[in-house]
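Topology and contacts: notes
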Amino acid sequence: MPDFDSPDFLLLDDLLAEEERLARDAVRDFVSKDFLPLLQEHVRQDGSFPMQLVPRMAELGLFGANLHGYGCAGMSNVAYGLVMQELERGDSGLRSFASVQGGLVMYPIYSYGSEAQKERWLPALASGKAIGCFGLTEPDFGSFATGMRTRAEKKGSRWVLNGTKRWITNGTVSDVAVVWAKVDDDVRGFLVERGTKGFEARDIKGKFSLRASITSELFLSDVELPEENLLPGVRGMKGPLSCLTQARYGIAWGALGAAMGCYDEVLRYAKERIVQGGPLASKQIAQQRLVFMLTEITKGQLLALRLGRLKDEGRLHHAMVSMAKMNNVDVALRIAREARDLLGANGIVDDYSAMRHMVNLETVRTYEGTHDIHTLILGEHITGMRAL
Ligand SMILES: Cc1cc2nc3c(=O)[nH]c(=O)nc-3n(C[C@H](O)[C@H](O)[C@H](O)COP(=O)(O)OP(=O)(O)OC[C@H]3O[C@@H](n4cnc5c(N)ncnc54)[C@H](O)[C@@H]3O)c2cc1C
């Protein structure tokens, strides 16, 4: 019996192209054979990621998978989504690593960088030889990132950056940070390289959630950068927000992976666990919970697949991504909680994945636009009125 039976109640596999199935299956195999055996050790050490897997992840084309050229895999957006789903079936930290590298670091360089920036960074990031991070959030400004205090000032031919970024995935292991800063009332993106004078990254410890992922704080104190480190192709919040749309798209798929992992694990458990003379799976309330899980997974899969096809056709709207991120993370978290509950006491130890997924999904609900913020985005889209 395979270690994971992927739920596919509406036979959505039939709607996938062969290369989409192949990309998904390769990552499923990688997660089962290479990642999961290492995971427990990293979860137990807060803030550590199995960096030795980065070359294999690069070989599988996981970094900037839906970008074309510069050593990127050029997958369809559906294949990319399926890959994110499989990574998060492993752990939200694993999917976050690929999301940040591809959606938040490679995408802005690809879309807004100079040719020299693309040639310097994209092949290195695609091959995992360089790692990147994305610095938007600050200690006092998360959802309302427009309020950021990080400033860039032009002094002669150089830019001088000052500020602090917090909650930055992979900050301390990054070779390059995409840092968003205010220039007067405008927002611009800068590439800040590891080792630049005045730039420091420190890890945040004590997380209950996303433990197998590095989360850092970035300090910029009179960091001097040449003009070549400014992303020339974008101004204003469109820059960071367009990156977030990329990453949120991946999360809409990824969260389903966590939910699918929880469902598969608890279904097997419920069939074997005997309570009051029969399998837990034979009890009405347990079946009701399993039915809820499968129904929500199936609805989420339909949402994600349609979103992917629209993205491939260039017809995706950011509000559609908000609906999918908001819904799929919300149901994944509810599914993880139900699965944890059905596992009883076993559900609280790390031999089972449900509680790890559950606490990870608390982060996923908060980052890349909280559940509330996506509700407000959709509310504004429907009514044409920005809620106060
Ligand atoms: C593990 C982890 C990794 C992260 N990685 C990155 C990264 O790589 N790069 C990066 O830049 N950021 C990253 N973040 C930051 C993340 O994007 C922010 O935490 C998120 O945007 C929320 O901001 P906040 O924490 O300041 O919460 P706040 O914005 O203070 O929100 C607090 C609460 O208020 C609600 N709220 C906020 N505004 C409104 C409103 N107008 N109306 C109603 N309710 C509202 C929110 O929904 C939430 O419930 C990461 C966060 C975590 C936890």
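What this report covers is the structure whose coordinates are included nearby. (Residues numbered from 1 in each chain as written. Predicted model: local features only at pLDDT ≥ 70, side-chain atom pairs only at ≥ 80, totals over all residues. Heavy atoms only, no water.)

1. Describing the site of the ligand
Contacts to the ligand come from 18 residues, most closely from Thr137, Ser143, Trp167, Thr370 and Asp372. At 2.9 Å from a nitrogen atom of the ligand is found a side-chain nitrogen or oxygen belonging to threonine 169. Measuring from an oxygen atom of the ligand, one finds a side-chain N or O atom of aspartate 372 at 2.7 Å. When residues of the shell around the ligand are traced back to their parent elements, those giving at least two are strand 3 (158-169), helix 9 (354-366) and helix 10 (371-383). Among the residues making up the shell around the ligand, the classes are represented as 8 nonpolar, 8 polar and 2 charged. (Near = heavy atom within 4 Å. Polar contact = N/O pair within 3.5 Å; in protein donor to acceptor, adjacent residues only side chain to side chain. Helix = DSSP H or I, 4+ residues; strand = E, 2+ residues; numbered from the N terminus. Nonpolar A, V, L, I, M, F, W, Y, C, P; charged D, E, K, R; others polar.)

2. Here's the deal with the packing of aromatic side chains
In the structure shown here, the tally under the stated rule is 9 aromatic pairs. Pairing phenylalanine 63 with phenylalanine 97 gives two aromatic rings, centres 6.0 Å apart and planes at 45 degrees, and the pair type is tilted. In this pair, phenylalanine 63 is assigned in the loop between helix 2 (54-59) and helix 3 (77-90) and phenylalanine 97 in helix 4 (residues 92-112), connecting sequence segments 34 residues apart. Relative accessible area serves as the criterion here: at 1%, phenylalanine 97 is assigned to the buried category. Among the aromatic residues, those joined into a ring-pair cluster are Phe49, Phe63 and Phe97. Sitting over the ring of tyrosine 249, lysine 311 keeps its end group 5.5 Å from the ring centre. (Phe/Tyr/Trp six-rings, centres within 6.5 Å; stacked < 30°, edge-to-face > 60°. Buried < 20%, exposed > 50% of the residue type's maximum accessible area, 1.4 Å probe, protein only. Lys NZ or Arg CZ within 6 Å of the ring centre and 35° of its normal.)

3. Re the nonpolar core
Counting residues in hydrophobic clusters, the biggest one holds 103 residues, and the most contacted among them are Leu87 and Trp180. The greatest single-element share of this core, amounting to 17 residues, is contributed by helix 6 (residues 238-272). For leucine 87, the contacting residues outside a window of four places in its chain are Val27, Phe30, Val31, Leu62, Leu94, Arg95 and Ala98. Counting residues in hydrophobic clusters, the runner-up holds 17 residues, among them Cys133, Ala177, Phe199 and Leu225. (Core = buried A, V, L, I, M, F, W, Y, C linked by side-chain atoms within 4.5 Å. Contact = heavy atoms within 4.5 Å.)

4. A closer look at the environment of proline 50
Position of proline 50 among the secondary structure elements: in the loop between helix 1 (18-44) and helix 2. Distance from proline 50 to valine 321, taken between C-alpha atoms, is 30 Å for residues 271 residues apart in sequence. Apart from residues lying up to four places away in sequence, proline 50 is in contact with Phe35, Leu38 and His42.

5. A short note on the pairing of strand 7 (residues 215-226)
Pairing between strand 3 and strand 7: 10 bridges, direction antiparallel. Across the sheet, the residue bridging to arginine 166 is glutamate 217, located in strand 7. (Pairing = 2+ DSSP bridges.)

6. Comments concerning helix 4
Given a rise of 1.5 Å per residue, 21 residues ought to cover 30 Å, and the 28 Å separating the end C-alpha atoms of helix 4 matches this to within 8%. The largest bend in helix 4 is about 35 degrees, located at methionine 106, with the proline proline 108 one to four residues further on. Backbone nitrogen of glycine 93 and a side-chain oxygen of the N-cap are separated by 2.8 Å at the start of helix 4; the cap is aspartate 91. (Expected span 1.5 Å × (residues − 1). Bend = angle between axes of the 7 residues up to and from the residue.)

7. Considering the side chain of arginine 24
Following the sequence through the fold, arginine 24 ends up in helix 1. When its relative accessible area of 7% is taken as the criterion, arginine 24 is described as buried. Among the polar contacts listed, one links the side chain of arginine 24 to the side chain of aspartate 13, at a separation of 2.6 Å. Once you skip the residues sitting within four places of it in the chain, arginine 24 turns out to touch Asp13, Leu16, Leu82, Gln85 and Glu86.

8. Quick look at the side chain of serine 99
Within the element layout of this structure, serine 99 appears in helix 4. Apart from the residues lying within four places of it in its own chain, the contact partners of serine 99 are Met84 and Leu104.

9. Concerning the pattern of salt bridges
With the rule as written, the count across this model stands at 29 salt bridges. Note that arginine 356 and aspartate 91 form a salt bridge whose closest N and O atoms lie 2.7 Å from each other. Of this pair, arginine 356 sits in helix 9 while aspartate 91 sits in the loop between helix 3 and helix 4; the two residues are 265 residues apart in sequence, bridging distant segments of the chain. Side by side, arginine 356 and aspartate 91 carry an identical accessibility label, which is buried. The shortest N-O distance in the salt bridge between glutamate 227 and lysine 154 comes to 2.7 Å. Note that glutamate 227 is positioned in the loop between strand 7 and helix 6 and lysine 154 in strand 2 (residues 151-155), a separation of 73 residues in sequence. Lysine 154 gets classed as partly exposed once you look at its relative accessible area, which sits at 43%. Through salt bridges with shared partners, a single ionic network connects Arg289, Glu338, Arg340 and Asp341. (Salt bridge = Lys/Arg side-chain N within 4 Å of Asp/Glu carboxyl O.)

10. Overview of the environment of phenylalanine 49
Within the fold, phenylalanine 49 resides in the loop between helix 1 and helix 2. Relative accessible area serves as the criterion here: at 5%, phenylalanine 49 is assigned to the buried category. Taking the C-alpha atoms as reference points, phenylalanine 49 and leucine 22, 27 residues apart in sequence, are found 26 Å from one another. If we skip the residues at most four places from it in the chain, phenylalanine 49 touches His42, Val54, Met57, Gly93, Leu94, Phe97, Ala212 and Ile214.

11. Describing the packing of helix 8 (residues 318-342) against helix 9
Axis separation between helix 8 and helix 9 bottoms out at 8 Å; the angle between their running directions is 155 degrees. Relative to helix 9, the element helix 8 is oriented roughly antiparallel. Relative to helix 9, helix 8 is oriented so that their crossing is left-handed. Across the interface between the two elements, Lys325, Val329, Asp330, Ala332, Leu333, Ala336, Arg337, Ala339 and Arg340 from helix 8 touch Ala354, Met355, His357, Met358, Leu361, Glu362, Val364 and Arg365 from helix 9. (Axes fitted to C-alpha atoms, helices over the stretch in contact; angles between N-to-C directions. Parallel < 35°, antiparallel > 145°, perpendicular 65-115°, else oblique. Left-handed = near helix turned anticlockwise from the far one by under 90°.)

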